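One letter stands for each residue in the lines below.
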Amino acid sequence: MPDYKKLDILAIAAHPDDIEITCGGFMIKMSSLGRAVGALDLTAGEMGTFGNEKDRSAEAAAAAEIMNLSWRGNLGMPDSAVEINQENKLKIAEVIRMTRPELVVLPHWEQRHPDHAACSRLGFDACFLAGLKKIKVEGEPFRPRKIIYASYFRNRDHSFLVDITDSMEFKCKAIAAYRSQFAEEVVAKRIFMPGVDIYEMVRIRAAQLGQQIGVQYAEAFTMKEPIRYDDPQKMPGQSI
Ligand SMILES: [Zn+2]
């Protein structure tokens, strides 16, 4: 694990490339505003049909640079076997204590891949446990103030959308850093959705979301608690 850094925002996901695909535009936007943005991957993605652990770790580092991340770590949990247990929660809680992010981004809790669903639960519980004084975890007790959930392709119950038009180009570059997964010759051979171009999928999704708030591209997020908004008359966007 690289040396910890104090972060404003920490995104946690199961596999390297999950963050880029689901909330990469948001991460790039926040880092361009001067926020300290970091990423924690739970696994190295070693069960993917293409690529190996070494490739994917180099690709994750290259993507981190494109997204201008202040920190990126990997917990080395087994890919496709991420378990919801206390040991894993405490590993994540340590990262939360050592990086002290005000905002944590987790995967949406409804998922097709079991690792994504496990990551969502583990991340939530880790944020809670990190604040307990008596728990045996490195670092001082700390609890992030807000948790938001990045929407994956199938999620529909968005709480808010973020305009990522200005960071779309770099989001696609960050995804392209995962050559072992998305290079043209690899995509052609994929068993799951052969020939499907990830960039086109990401672009269509971002354009459909953007259209709903009157911008070119957007990413969607969901929250478990209601959003406080004291002056709805000043809310951005229009209903009709
Ligand atoms: Zn994934």
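Everything numeric here is computed off the predicted structure, so don't read it as measured data.

A few words now on the overall build of the protein. Each helix and strand in the protein was counted, giving eight helices and seven strands. Here the C-alpha atoms of the protein give a radius of gyration of 17 Å, agreeing with the 18 Å that 2.2 N^0.38 yields for 240 residues. Reported as C-alpha extents along the three principal axes, the dimensions of the protein are approximately 50 × 50 × 30 Å. Across the 240 residues of the protein, 43% fall into the buried class. Partitioning the intrachain contacts of the protein with sequence separation of at least 6 by distance along the chain shows that 79% fall at a separation of at least 24.

Strand order in the open sheet formed by seven strands is 3-2-1-4-5-7-6, and the pairing between neighbours is mixed. The open sheet has two free edges, formed respectively by strand 3 (71-77) and strand 6 (160-163), since each of these has just one partner strand. When strand polarity is set aside, the average angle formed by the axes of neighbouring strands in this sheet is 25°. Summarising the sheet, strand 2 (residues 37-43) and strand 3 pair through five bridges and their orientation is parallel. Pairing of Thr 43 across the sheet is with Met 77, part of strand 3. Of the strands in this sheet, strand 1 (9-13), strand 2, strand 4 (103-107) and strand 5 (146-150) touch helix 4 (residues 114-129), which is tilted by about 155° from strand 4.

As a further point, take the environment of Met 47. Tracing the backbone shows Met 47 in the loop between strand 2 and helix 2 (53-66). Exposure remark for Met 47: the 12 C-beta atoms within 10 Å place this residue in the exposed category. For Met 47 and Ser 80, which are 33 residues apart along the polypeptide, the C-alpha to C-alpha distance reads 6.7 Å. Each residue touching Met 47, except ones within four places of it in the same chain, is listed here: Asp 79 and Ser 80.

Cut-offs used in this document
- Residues numbered from 1 in each chain as written.
- Predicted model: local features only at pLDDT ≥ 70, side-chain atom pairs only at ≥ 80, totals over all residues.
- Helix = DSSP H or I, 4+ residues; strand = E, 2+ residues; numbered from the N terminus.
- Rg over C-alpha atoms; globule rule 2.2 N^0.38 Å.
- Buried ≥ 20, exposed ≤ 12 C-beta atoms within 10 Å, placed from the backbone.
- Contact = placed C-beta atoms within 7 Å.
- Pairing = 2+ DSSP bridges.
- Axes fitted to C-alpha atoms, helices over the stretch in contact; angles between N-to-C directions.

Bear in mind that shape data such as this cannot, by itself, settle questions of function.
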